[in-house]
Amino acid sequence: MKNSPVLTVAQLNLYVKSVLEGDFRLKDIYIKGEISNFTAHYKTGHYYFTLKEGGSAVKAVMFASYAKNVPFTPENGMAVLARASVSLYERDGAYQLYVYELQPVGKGSLQLAYEQLFEKLKNEGLFEESRKRPLPRYPEKVGIITSETGAAVQDIISIISRRYPPAQMVLYPATVQGEKAVPTLLQGLKALGRPGVCDVIIIGRGGGPLEDLWAFNNESLARAVAACPVPVVSAVGHETDFTLCDFAADLRAPTPSAAAELVVPQWEKVAELLRLRQAQVQNGLLGRLRANQQRFDELLQQPALKNYSGYLEEYTKNIEYFAKSIHTSVKNVIMRKNAQLSQQAACLQLQNPWQRLSLGYSIAVNKEGKTVSTVKQVQCQEAVTVEIADGRLHCTVNKIEEIQRGGEPWLKN
């Protein structure tokens, strides 16, 4: 055996890893292949997959910090172009790709992401026409969610002010592109969707490339548009631009200017309609009045109404008779109740202990304020109060005499 150094497995793997990572040609490569065995780890957010081409394959990993920037969802069988570096996973002794960019082959990543999300929401029924609501015919308050500095908001305000002056406009200034766009658009829907704030909402922006309009393809925003309590009109970009918000909204307008024309009626036509309705109401009322007058005149010609005085006299006598009967009955009831009340009052008066004092009775009260009902409650020389009909006597007990009814009396000095 030659005098070769003995390596451990860990040392070998570490050496091979250093060789791979030391090769500048493997630090930043583009590699094309077909995805298989794709897994998105539910806890970490990392992507694990294999890139295959013909009979060859190589394992790949894309950490969550890079995976979150991939706008589409990788799927098995999808041809992709990966930008990666090559290294060795020491634990398994297998080399693999560490991917930090991923693009679909033959189609842009944003377009692919749009198509994937469109199919997902469509299958859920989010775009069904049956769930879309009609816009109010005569809105009092129109909500506008867009950039306060863009041309779109100026067009919307100008058209609504000219087309339907009675409408009030409530603007929620939002960011319409970039990372901050989706949060502010969601906040705008929440604020203007509260009861009583608006009757209809326009959400949108002017035209631009797909990247600038991408916020309106966000899944959370599309769901919020569909769930908004107030009807929503989506007006994003130009007539040829379509976003997920367009499909989720109750109505899609080809441009922001068109949205302004769709949400409010034309004031001149409303005024003309009001004049027409006013004339119809007046003519209808006059017609009914004339018909009722004619009917009234016909009724007056009826024999019963011509001799109405006789009928009235008979009914008048009956009413007078019933009135007298009711008066007499009520009077008798009142007199009987008064007699009963007087009798009950007299009985109550007899039960009044103070009333009995006028008959010569008296009530003795000891020093504790208790009524004396037996000689055992007082002592000689004790002060007592005697209540009589017209006053009170303050007395001192000089002698106590107990009388046993049916027996002999006894004295206590």
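Residues numbered from 1 in each chain as written. Predicted model: local features only at pLDDT ≥ 70, side-chain atom pairs only at ≥ 80, totals over all residues. Heavy atoms only, no water.

**Observations regarding the environment of threonine 396**
1) Next: Along the chain, threonine 396 falls in strand S13 (residues 391-396).
2) Next: Leaving out residues up to four positions away in the same chain, threonine 396 has contacts with Gln381, Glu382 and Ala383. (Helix = DSSP H or I, 4+ residues; strand = E, 2+ residues; numbered from the N terminus. Contact = heavy atoms within 4.5 Å.)

**Some details on the pairing of strand S5 (residues 94-104)**
1) Next: Of the pairings in the sheet, the one linking strand S3 (residues 56-62) to S5 comprises two bridges and is parallel in character. Paired with alanine 60 across the strands is leucine 97, a residue of S5.
2) Next: Pairing geometry for strand S4 (residues 79-89) and S5, over 10 bridges, is antiparallel. Within the sheet, the bridge partner assigned to alanine 82 lies in S5 and is leucine 102.
3) Next: Taking the residues between adjacent antiparallel strands as the criterion, S4 and S5 are bridged by four residues, where glycine 93 takes a positive phi near 65 degrees. (Pairing = 2+ DSSP bridges.)

**Section: the packing of aromatic side chains**
Two aromatic rings, taken as a pair, are described by how far apart their centres are and by the angle between their planes.
1) Next: Using the criterion set out here, one finds 11 aromatic pairs in the structure.
2) Next: Relative to tyrosine 100, the ring of tyrosine 66 lies with its centre 5.9 Å away and its plane at 50 degrees, an arrangement referred to as tilted. In this pair, tyrosine 66 is assigned in helix H2 (residues 64-67) and tyrosine 100 in strand S5, connecting sequence segments 34 residues apart.
3) Next: For the pair tyrosine 114 and phenylalanine 118, a centre-to-centre distance of 6.3 Å together with 25 degrees between the ring planes defines the contact as stacked. Taken as a pair, tyrosine 114 and phenylalanine 118 lie in helix H3 (residues 109-123) at a separation of four residues, close to a single helical turn. (Phe/Tyr/Trp six-rings, centres within 6.5 Å; stacked < 30°, edge-to-face > 60°.)

**A closer look at the confidence of the model for the protein chain**
1) Next: Taken residue by residue, the protein chain gives an average pLDDT of 86. The fraction at 70 or more is 92%.
2) Next: Scored below 50 in pLDDT, residues 407-413 makes 15 contacts in the model with residues more than four places away or belonging to other chains. (pLDDT = per-residue confidence, 0-100.)

**A look at the state of the cysteines**
1) Next: In total, this model carries zero disulfides according to the counting rule given.
2) Next: No disulfide involves cysteine 228; its sulfur sits 9.0 Å from that of cysteine 198, the nearest cysteine.
3) Next: Residue classification places cysteine 228 among the buried residues on the basis of a relative accessible area of 5%.
4) Next: The structure places no disulfide on cysteine 380, whose sulfur is separated from the nearest cysteine sulfur, that of cysteine 395, by 14 Å. (Disulfide = S-S within 2.5 Å. Buried < 20%, exposed > 50% of the residue type's maximum accessible area, 1.4 Å probe, protein only.)

**Digging into the pattern of salt bridges**
1) Next: Applying the stated criterion across every chain, the model contains 12 salt bridges.
2) Next: Across the pair arginine 25 and aspartate 23 runs a salt bridge, and its minimum N-O distance is 3.1 Å.
3) Next: Owing to a relative accessible area of 58%, arginine 25 belongs among the exposed residues under this scheme.
4) Next: Between arginine 83 and aspartate 28 there is a salt bridge, with the nearest N and O atoms lying 2.9 Å from each other. In this pair, arginine 83 is assigned in strand S4 and aspartate 28 in the loop between helix H1 (9-22) and strand S1 (29-40), connecting sequence segments 55 residues apart.
5) Next: Judged by its relative accessible area of 22%, arginine 83 is partly exposed.
6) Next: Residues joined in a network through salt bridges with shared partners are Lys120, Glu124, Glu219 and Arg223. (Salt bridge = Lys/Arg side-chain N within 4 Å of Asp/Glu carboxyl O.)

**Considering a nonpolar patch on the surface**
1) Next: On the surface, a cluster of nonpolar side chains totalling about 550 Å² of accessible area is made up of Tyr321, Phe322, Ile326, Val330 and Ile334.
2) Next: Mapped onto the secondary structure, isoleucine 326 falls in helix H12 (residues 308-350). (Patch = residues over 30% accessible without salt bridge, like charges linked within 9 Å, V, L, I, M, F, W, Y side chains within 5 Å. Areas by Shrake-Rupley, 256 points an atom, 1.4 Å probe, with all protein chains shown as cover.)

**Quick notes on the packing of H3 against helix H7 (residues 219-227)**
1) Next: At a minimum axis separation of 11 Å, H3 and H7 run at an interaxial angle of 30 degrees. Pair H3 / H7 crosses with right-handed handedness. Residue-level contacts link Leu117, Lys120 and Leu121 of H3 to Glu219, Ala222 and Arg223 of H7.
2) Next: For the contact of H3 with H7, a count of residues per class yields three nonpolar, no polar and three charged. (Axes fitted to C-alpha atoms, helices over the stretch in contact; angles between N-to-C directions. Left-handed = near helix turned anticlockwise from the far one by under 90°. Nonpolar A, V, L, I, M, F, W, Y, C, P; charged D, E, K, R; others polar.)

**Here we look at the pairing of S3**
1) Next: The pairing of strand S2 (residues 47-53) with S3 spans seven bridges and is classified as antiparallel. Residue pairing in the sheet places tyrosine 47 in a bridge with methionine 62 of S3.
2) Next: Counted between consecutive antiparallel strands, the loop separating S2 from S3 contains two residues, among which glycine 54 sits at a positive phi close to 65 degrees.

**Things to note about the packing of helix H5 (residues 181-192) against H7**
1) Next: Interaxial distance between H5 and H7 falls to 10 Å at its minimum, and their mutual angle equals 10 degrees. In terms of orientation, H5 lies roughly parallel with respect to H7. Residues Leu185, Leu186 and Leu189 of H5 pack against Ser220, Leu221, Ala224 and Val225 of H7.
2) Next: For the contact of H5 with H7, the residue count by class is six nonpolar, one polar and no charged. (Parallel < 35°, antiparallel > 145°, perpendicular 65-115°, else oblique.)

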